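Chain residues, written in single-letter form:
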Amino acid sequence: HFPGSDISGEVVEGGGTLAPGTRVLVHPGLFCGTCAMCQEGRDNECPFFTVLGYLSDGGYAELVSVPAENLVPIPDHVDFVSAAAFPLTFLTAWHMLITKAALRSGDAVLVLAGGSGVGQAAIQIARLHGARVLATSAPEKFDQTRALGAEEVFDHYNGGFSQGVRGGTRGRGTASGYVFAASKNGSREEHPAQDGPMILDNDGHPVWLRPVRSEAE
């Protein structure tokens, strides 16, 4: 088995409308294309959805076979490494913050693990949409996390960062009572989406609503 979900390269053959030699990145989502979810454009909810490199062979190889519709041409100024790092992390963060949380300019965003792949993507997406960003990170990644756009960064190995979060969201900005957080893990509690502080897991479901509420109040 060959793992690997972050893939870019050149088309060798069978690239549909893309000629051999075209520089591409690979959308890593695999889905059936025929179920109701796929027909509605919600392929991430396909009952057969998986990620390239998990159940199928991935990109840790010289050649990889993928559906032609998963190929996205990349411009000449984007290198292969940057292109490969983009789809899995940024699509995940976009789905959390934009599709599910409906992030708006002026919202405050708490990104847990701001130095992770999804965390770095979430910081940049939130700033692009005019949100204020607070983040947690390992101390050695503080400078990198700030450089990406986090206004305040807290040590996520120190459980006492809640006081800093409260100070960073009360009475500042246009939505000081709202905290949307991007996280890759955590215990799940099913709650309907609602106004007020919430944390979103990587599939966009709200989790940890009650604990996070105390961080913002």
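Just above sits the structure.
Not measured: the values here are computed from a predicted model.

K.L.:
Explanation requested: the layout of surface pockets in the structure shown.
P.N.:
Over the atoms rolls a probe the size of a water molecule, and its path tells where empty space is left. Space inside the second largest pocket adds up to approximately 470 Å³. As for the second largest pocket, its lining consists of 23 residues, of which E10, V11, V12, L63 and V64 are closest to the centre. Of all the elements in the fold, those that place two or more residues in the lining of the second largest pocket are β1 (8-10) and β2 (23-26). Looking at the lining of the second largest pocket, the element that brings in the most residues is β1, giving three residues.

K.L.:
Could you clarify how one ought to interpret the packing of helix α3 (residues 87-100) against helix α4 (residues 117-128) in this entry?
P.N.:
When two helices pack together, their arrangement is captured by the angle between the axes and the distance separating the axes. Interaxial distance between α3 and α4 falls to 8 Å at its minimum, and their mutual angle equals 55 degrees. Considering the angle they form, α3 stands oblique to α4. Relative to α4, the crossing made by α3 is right-handed. Contacts from T89, F90, T92, A93, W94, M96, L97 and I98 of α3 reach α4 at G117, V118, A121, A122, Q124, I125 and A126. Taken together, the residues that form the contact of α3 with α4 break down as 11 nonpolar, four polar and no charged.

K.L.:
Just to check I follow, could you spell out the sheet that holds β1 for this structure?
P.N.:
Hydrogen bonding along the main chain pairs the strands of a sheet, whether they run parallel or antiparallel. Taken in spatial order, the three strands line up as β1-β2-β5 in an open sheet, and their pairing is antiparallel. Pairing within the sheet leaves two strands with one partner each, and these edge strands are β1 and β5 (71-73). Taken pair by pair, the neighbouring strands of this sheet meet at an average axis angle of 40 degrees, ignoring direction. Two elements, β1 and β2, share three bridges in a ladder whose sense is antiparallel. Residue pairing across strands places G9 opposite V24, the latter belonging to β2.

What counts, and at which threshold
- All chains use their own residue numbering, which begins from 1 and follows the written sequence.
- Restriction of local features to residues with pLDDT of at least 70 applies here, the model being predicted, together with a cutoff of 80 or more for giving and counting side-chain atom pairs; totals for whole chains, interfaces and linings are based on all residues.
- Excluded from the side-chain calculation are hydrogens and water; included are all heavy atoms of the structure.
- Grid spacing is 1 Å over the protein atoms alone, the probe is 1.4 Å, and a cavity is where that probe fits but cannot get out, while a pocket is an open set with protein on both sides within 12 Å along at least five of seven lines and lining residues have an atom within 4 Å of a point.
- Grid points are joined across faces, edges and corners, and a volume is the space filled by probe spheres set on the points.
- Numbering of helices and strands starts at the N terminus; helices are DSSP runs of H or I of at least 4 residues and strands are runs of E of at least 2.
- Interaxial angles span 0 to 180 degrees and are taken between N-to-C directions of axes, which are lines fitted to C-alpha atoms, for helices over the stretch in contact.
- Orientation categories follow fixed angle ranges, with anything under 35 degrees roughly parallel, anything over 145 roughly antiparallel, 65 to 115 roughly perpendicular, and all other angles oblique.
- Here is the rule for handedness: rotate from the far helix to the near one, and if that takes an anticlockwise turn smaller than a right angle the crossing is left-handed, while a clockwise turn gives right-handed.
- Contacts between residues were defined by any pair of non-hydrogen atoms, one from each residue, lying within 4.5 Å.
- Ten residue types, Ala, Val, Leu, Ile, Met, Phe, Trp, Tyr, Cys and Pro, are classed as nonpolar, four, Asp, Glu, Lys and Arg, as charged, and the remainder, Gly among them, as polar.
- In this description, strands pair whenever DSSP reports at least two bridges between them.

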